[in-house]
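Chains, contacts and geometry: an overview
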Amino acid sequence: MCGIVGYIGARDAFPILINGLKRLEYRGYDSSGIALSNGTTRIFKKQGKIANLEKHVAGEKLDGNIGIAHTRWATHGEPSDSNAHPHQSQNGKITLVHNGIIENYAQIKERLIEKGYEFKSETDTEVLANLVEYVYLQMETPCLEEAVRIALNKVVGAYGLIVMSDDEPKRLVASRKGSPLVIGVGDHEYFIGSDATPLIEYTNQMIYLQDYNIAIIERNSFTLKTIDNNPVTPKIKEVDLDVDQLDKGGYDHFMLKEIYEQPTTIEQSFKGRISADGKSIKLGGLMDVMSDLIKAPRIIILGCGTSWHAGLVAEYLIEEYCKIPVEVEYASEFRYRNPVINKGDVIIAVSQSGETADTLAAIKKAKEDGAIILGVCNVVGSSIPRETHAGVYTHAGVEIGVASTKAFTAQVTVLTLMALQIAKEKGTIEQAEYENLIKELIEVPNKVRIALSKEDKIRSVADKYSEAINALYLGRGYLFPVALEGALKLKEISYIHAEGYAAGEMKHGPIALVDDNLPVIAVAPKDHYYEKVVSNIQEVKARKGNVIAILNEDDHNLKQMVNDYIEVPNCHVAISPLINVIPLQLLAYHIALNKGCDVDQPRNLAKSVTVE
Ligand code: AGP
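Here's a quick rundown of the structure. (Residues numbered from 1 in each chain as written. Predicted model: local features only at pLDDT ≥ 70, side-chain atom pairs only at ≥ 80, totals over all residues. Heavy atoms only, no water.)

1. Looking at the packing of aromatic side chains
A complete count under the given rule lists seven aromatic pairs for this structure. For the ring pair Tyr117 and Tyr134, a centre distance of 6.4 Å and an interplane angle of 80° mean the geometry is edge-to-face. Here Tyr134 lies in helix H4 (residues 124–138) and Tyr117 lies in the loop between helix H3 (105–114) and H4, a separation of 17 residues in the sequence. Overall, the relative accessible area of 22% leaves Tyr134 in the partly exposed class. (Phe/Tyr/Trp six-rings, centres within 6.5 Å; stacked < 30°, edge-to-face > 60°. Helix = DSSP H or I, 4+ residues; strand = E, 2+ residues; numbered from the N terminus. Buried < 20%, exposed > 50% of the residue type's maximum accessible area, 1.4 Å probe, protein only.)

2. A look at the packing of helix H9 (residues 305–321) against helix H16 (residues 480–494)
Running from N to C, H9 and H16 cross one another at 170°; their axes reach a closest spacing of 8 Å. Between H9 and H16, the angle is such that the two are roughly antiparallel. For the pair H9 and H16, contact is made by Gly305, Thr306, Trp308, His309, Leu312, Val313 and Tyr316 and by Phe480, Pro481, Leu484, Glu485, Leu488 and Lys489, respectively. (Axes fitted to C-alpha atoms, helices over the stretch in contact; angles between N-to-C directions. Parallel < 35°, antiparallel > 145°, perpendicular 65-115°, else oblique. Contact = heavy atoms within 4.5 Å.)

3. Considering the site of the ligand
In the neighbourhood of the ligand, 15 residues make up the surrounding shell, with Ser307, Ser351, Ser353, Thr356 and Glu492 lying closest. Between an oxygen atom of the ligand and a side-chain N or O atom of Lys489, the distance comes to 2.9 Å. Protein contacts shield 91% of the accessible area of the ligand, which totals 410 Å² for the unbound molecule. Elements that contribute at least two residues to the shell around the ligand include exactly H9 and H16. Residue classes in the shell around the ligand are distributed as five nonpolar, eight polar and two charged. (Near = heavy atom within 4 Å. Polar contact = N/O pair within 3.5 Å; in protein donor to acceptor, adjacent residues only side chain to side chain. Areas by Shrake-Rupley, 256 points an atom, 1.4 Å probe, with all protein chains shown as cover. Nonpolar A, V, L, I, M, F, W, Y, C, P; charged D, E, K, R; others polar.)

4. Quick look at the pattern of salt bridges
Under the definition given, this model contains 37 salt bridges. Here Arg298 makes a salt bridge to Asp345, at a shortest N to O gap of 2.4 Å. Of the two residues, Arg298 sits in the loop between helix H8 (290–294) and strand E15 (299–303) while Asp345 sits in the loop between helix H10 (331–334) and strand E17 (346–351), which places them 47 residues apart along the sequence. Assigned by exposure class, Arg298 and Asp345 land together as buried. Among the salt bridges present, the one from Glu485 reaches Lys489, with a minimum N-O distance of 2.6 Å. Of this pair, Glu485 and Lys489 both sit in helix H16, four residues apart, which is roughly one turn of the helix. On the basis of relative accessible area, Lys489 is assigned to the buried category, the value being 1%. (Salt bridge = Lys/Arg side-chain N within 4 Å of Asp/Glu carboxyl O.)

5. Section: the environment of Ile217
Looking at the secondary structure, you find Ile217 in strand E12 (residues 213–218). Residues Ile217 and Arg171, spaced 46 residues apart in sequence, show a C-alpha to C-alpha distance of 5.5 Å. If we skip the residues at most four places from it in the chain, Ile217 touches Ile8, Lys170, Arg171, Leu172, Ala174, Ile183, Tyr190, Ile192 and Phe222.

6. Topic: the packing of H16 against helix H19 (residues 576–594)
Between H16 and H19, whose axes approach to 9 Å, the crossing angle comes to 20°. Taken together, the axes of H16 and H19 lie roughly parallel to each other. In the crossing of H16 with H19, the sense of the turn from one axis to the other is right-handed. Contacts between H16 and H19 involve Val482, Glu485, Gly486, Lys489, Leu490, Ile493 and Ser494 from the former and Pro577, Asn580, Val581, Leu584, Ala588, Tyr589, Ile591 and Ala592 from the latter. (Left-handed = near helix turned anticlockwise from the far one by under 90°.)

7. Section: unusual backbone geometry
Put simply, His85 and Pro86 share a cis peptide bond, and its omega is 0°. Structurally, Pro86 can be placed in the loop between strand E4 (66–72) and strand E5 (87–88). Its identity is not glycine, yet Asn229 carries a phi of approximately 75°, on the positive side. Here the phi dihedral of Lys544 falls at roughly 65°; this positive angle occurs in a residue that is not glycine. Lys544 gets classed as exposed once you look at its relative accessible area, which sits at 60%.

8. Side note on the sheet that holds strand E19 (residues 390–393)
Reading across from one edge, E16-E15-E17-E18-E19 is the order of the five strands in this open sheet, with parallel pairing throughout. Pairing within the sheet leaves two strands with one partner each, and these edge strands are strand E16 (326–330) and E19. Ignoring which end each strand starts from, the neighbouring axes of this sheet average 20° apart. (Pairing = 2+ DSSP bridges.)

9. Digging into the environment of Ala588
As for its position among the elements, Ala588 is in helix H19. A residue is classified by how much of its surface remains accessible, and Ala588, at 0% relative accessible area, is buried. Sequence separation between Ala588 and Ile422 is 166 residues; the distance between their C-alpha atoms is 35 Å. Setting aside anything within four residues of it in sequence, one finds Ala588 in contact with Lys489, Leu490 and Ile493.

In structure tokens:
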């Protein structure tokens, strides 16, 4: 959940590091810091956003061709100057930045205190810095790489880290286990990052470290090993990432930009995967496992947050069209209970970042139990795809806004393609219906454009309800997950408590919440659940509830019944999540703006939850 950047080469490190931190700020932003070396290491760190750090270093001497930097999402110790990274060892010679959690840090800290170490912070990272120093000072022939390897063999937990030492000022040592780390290869220079975004403006040649890798990096040499000292041949990948994707493109916020990118990103998710004649789907990433998929006795979909909601949409699609039983599980629950995995079970891991710790751990467990693991991820080369047997990338492009929007619709698009292809291969869908759904999918980008064109109306509805304390989102069938997603969007960026509920469940409790202070957002397009949802709306209205309906343009009857409405184009029910989620994204965005919230970097959140 934190962002790490490192540089070693001929250039001044500071500009590379501070810009890199800004590229990674979406990963965590409660404090940040930089260490620079021109032979001796100087550290600058500050609580708050990176802008605070920039103010803090103004006027300071910032020379040095080697450096490391970090933007934090607190796990151990509150956000503060002292808990910010980089952390130094007691003698001030070992400096490191770390993303992850050292689970046995307390035991290590206790032993180090017994040996006379004192600590300035509450972090697990400072423990790691002192452990490296302790090991280093015990060595007959002190060697930073060796000290780091020995120290890492003593820790339990997850790490992505970079270490520098005043005693070996011309090298960086980097390692990872469970937290991502990418090394950009330049011309006699190397760039290190938690992902490729802070590196891509300098190089597109990337080495994705694997778990237990350790890299020893000097200006003119690069050595890769395992932490057991076995040599590893570095694999350099050419990364296709457009720097333009990394700025707001004229929008006020990344989230708004990404909401408006959806017609394009949905198209990118199915482009090249639907035949030119629109009569078939071909997902190359599934061809090797298709025979397993069509005979799967069960499919378990794992994810967190928005990705879990996309999995819920897939449950309706797969059960309806593939006739395969589906269970959708929170990865954080699945990994700790003793799930029954039967031979032939298929797991689909859904993850935008491909780095969510709970999802990664859950699929590792299922893999050990013999399941076939598929991935639906957005970030190419991330950890989850590397753990799967097969999968399909969503091609949504970099998603910077912490609140996921285009990734969700890209995930649902890919899952729809998967369900239709499996159904076709299995013979559980008629060709005519198959082609009709493909046609409906192809029409989605234009229908999303129509939904986006209602932003002015959505803004006026947001203006009416921005003072709400609570909100209730209702949906049925394919749109029940959309109600959950709409509620998540509102709560995570506006901090208004919002609940998504199956509309049919409302009378089993939540209806007690209904009064004239509670906005109830009902997702009610004309599908086969429509009449039922209208009944639920009437139940709310009868109790003075304020109903905001997401409805079809020609639904004049419902428009008369509700307090406010937002129009969406008609579409097939199986495709409706892609269209009906759009107004809910914009509603949350505008309510959050009205409340002065930080839309792109909401409090307490981070883009990628790479710790438990
Ligand atoms: C969604 O808006 C949130 N940012 C969060 O729930 C997110 O979907 C969740 O953490 C899963 O992330 P992933 O898709 O990268 O695995």
